[in-house]
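Observations on chain architecture
Each chain, written out:
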Amino acid sequence: MSNIEQTLSIIKPDAVQRGLDNAIKDMLKSKGFLIIKEKKIQIEKSEAEKFYKVHETKSFYNDLCSYLSSGPIVAMILEKENAVLDNRELMGATDPKDALEGTIREKYGISIDKNSVHGSDSVENAKIEINFFFKD
Ligand code: CMP
């Protein structure tokens, strides 16, 4: 039985700033992801705080929100079979130094903060995160 899912992917400021949008999109497309919608935007810190609310008690929350709002990002709705988990796999570990070869973060990530991409961690959060960026 097919299990087509949608997930939210963000190309973070460090990657957009280095002009890696297309290289990252090509990696996604070559793994079978369809980019259903995308937009390049810069968000306010207050919006980043809402987006990352699940992390509000963490020590890195403030820096994380400053960083996500520090420059343009590309938000995308991705679709494929098992999109949520497959995107997590293609992104690689949160800290690029732990990311497996062939993953986006291994290839392009700079640090745990500047790790080039974000991806929803569950189908439930994917719906919330997609709605956050693509309300209509
Ligand atoms: P992301 O998948 O966007 O979700 C939250 C982000 O917090 C994560 O990627 C990292 O870039 C960032 N972060 C910074 N420090 C940590 C940490 N110690 N553990 C997890 N995530 C961290």
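Everything discussed here concerns the structure shown above.
Described in the following lines is the structure provided in the data block. (Residues numbered from 1 in each chain as written. Predicted model: local features only at pLDDT ≥ 70, side-chain atom pairs only at ≥ 80, totals over all residues. Heavy atoms only, no water.)

1. Some details on the layout of surface pockets
Heads up, the rule is: In this analysis the probe radius is 1.4 Å and the grid spacing 1 Å, with only protein atoms considered; a cavity is a set of points the probe fits into but cannot get out of, a pocket is an open set with protein on both sides within 12 Å along at least five of seven lines, and lining residues have an atom within 4 Å of a point. Grid points are joined across faces, edges and corners, and a volume is the space filled by probe spheres set on the points. Secondary structure elements are defined from DSSP: runs of H or I of at least 4 residues count as helices, runs of E of at least 2 residues count as strands, and each element is numbered from the N terminus. Nonpolar residues are Ala, Val, Leu, Ile, Met, Phe, Trp, Tyr, Cys and Pro. Charged residues are Asp, Glu, Lys and Arg, and all others, Gly as well, are polar.
In this structure, the largest pocket spans a volume of roughly 600 Å³. Considering the residues around the largest pocket, the lining is formed by 24 residues, among which Y52, V54, H55, L64 and H118 are closest to the centre. Elements that contribute at least two residues to the lining of the largest pocket include exactly α3 (45-51), α5 (83-91), β4 (117-119) and α7 (123-133). With 4 residues, the top contributor of residues to the lining of the largest pocket is α7. Partitioned by chemical class, the residues of the lining of the largest pocket number 9 nonpolar, 7 polar and 8 charged. Approximately 160 Å³ is the volume found for the second largest pocket. What lines the second largest pocket is K31, F33, D86, E89, L90, L100, G102 and T103. In terms of residue class, the lining of the second largest pocket is made up of 3 nonpolar, 2 polar and 3 charged.

2. Points about α5
Stated precisely, the cut-off is as follows: Each residue is assigned to one of three classes by its accessible area relative to the maximum for its type, calculated with a 1.4 Å probe on protein chains only: buried under 20%, partly exposed between the two thresholds, exposed over 50%. Throughout, the arc means the angular range of directions from the helix axis out to the C-beta atoms. Only heavy atoms enter the contact rule, under which two residues are in contact if any of them lie within 4.5 Å.
Regarding α5, the residues found buried are A83, V84, N87, L90 and M91. An end-on view of α5 places all buried positions within 130 degrees of arc, on one side of the element. Those residues of α5 that are exposed and aimed more than 90 degrees away from the buried face are L85 and E89. Summarising the contacts, the buried residues of α5 are in contact with β1 (4-11), α2 (21-30), β3 (73-81), α6 (104-108), β4 and α7. Phi turns positive one or two residues past the end of α5, at G92, with a value near 90 degrees.

3. Here we look at the environment of L28
Examined against the element boundaries, L28 turns out to sit in helix α2. Setting aside residues up to four positions removed in sequence, L28 forms contacts with S9, F33, M76, L78, N87, L90 and I104.

4. Quick word on the nonpolar core
How we decide: To form a nonpolar core, buried Ala, Val, Leu, Ile, Met, Phe, Trp, Tyr and Cys residues must be joined to one another through side-chain atoms within 4.5 Å.
I11, I24, L28 and I104 are the most contacted members of the largest nonpolar core, which totals 17 residues. Counting residues per element, the ones that place at least two in this core are α1 (13-17), α2, β3, α5 and α6. Apart from residues no more than four positions distant in its own chain, I24 is found in contact with I11, A15, I104, Y108 and V117. L8, A48, Y61 and I130 belong to the second largest nonpolar core, which has 16 residues in total.

5. Looking at the site of the ligand
The following threshold applies: Put simply, a residue is near a molecule or strand once any heavy atom of it comes within 4 Å of that molecule or strand. Pairs of N or O atoms within 3.5 Å make up the polar contacts considered here, provided that, within protein, one atom can donate a hydrogen while the other can accept it, and that residues adjacent in sequence are counted only when both atoms are side-chain atoms. Shrake-Rupley sampling with a 1.4 Å probe provides the accessible areas, and residues are treated as covered by the protein chains on show and by no other component. Placement in a cavity or pocket follows one criterion, namely that more than half of the molecule's atoms lie within 2 Å of its grid points.
Near the ligand you find K12, Y52, H55, F60, L64, T94, R105, I112, D113, N115 and H118, and these make up its full shell. I112 has a polar backbone atom sitting 2.6 Å from an oxygen atom of the ligand. Between the ligand and H118 there is a distance of 2.9 Å, counted from an oxygen atom to a side-chain nitrogen or oxygen. Surface burial for the ligand is 78%, taken as the share of its 450 Å² of free accessible area covered by protein chains. Comparing atom positions with the cavity grids shows the ligand to sit within the largest pocket. Here the residues of the shell around the ligand sort into 4 nonpolar, 4 polar and 3 charged.

None of this, on its own, says anything about what the molecule does.
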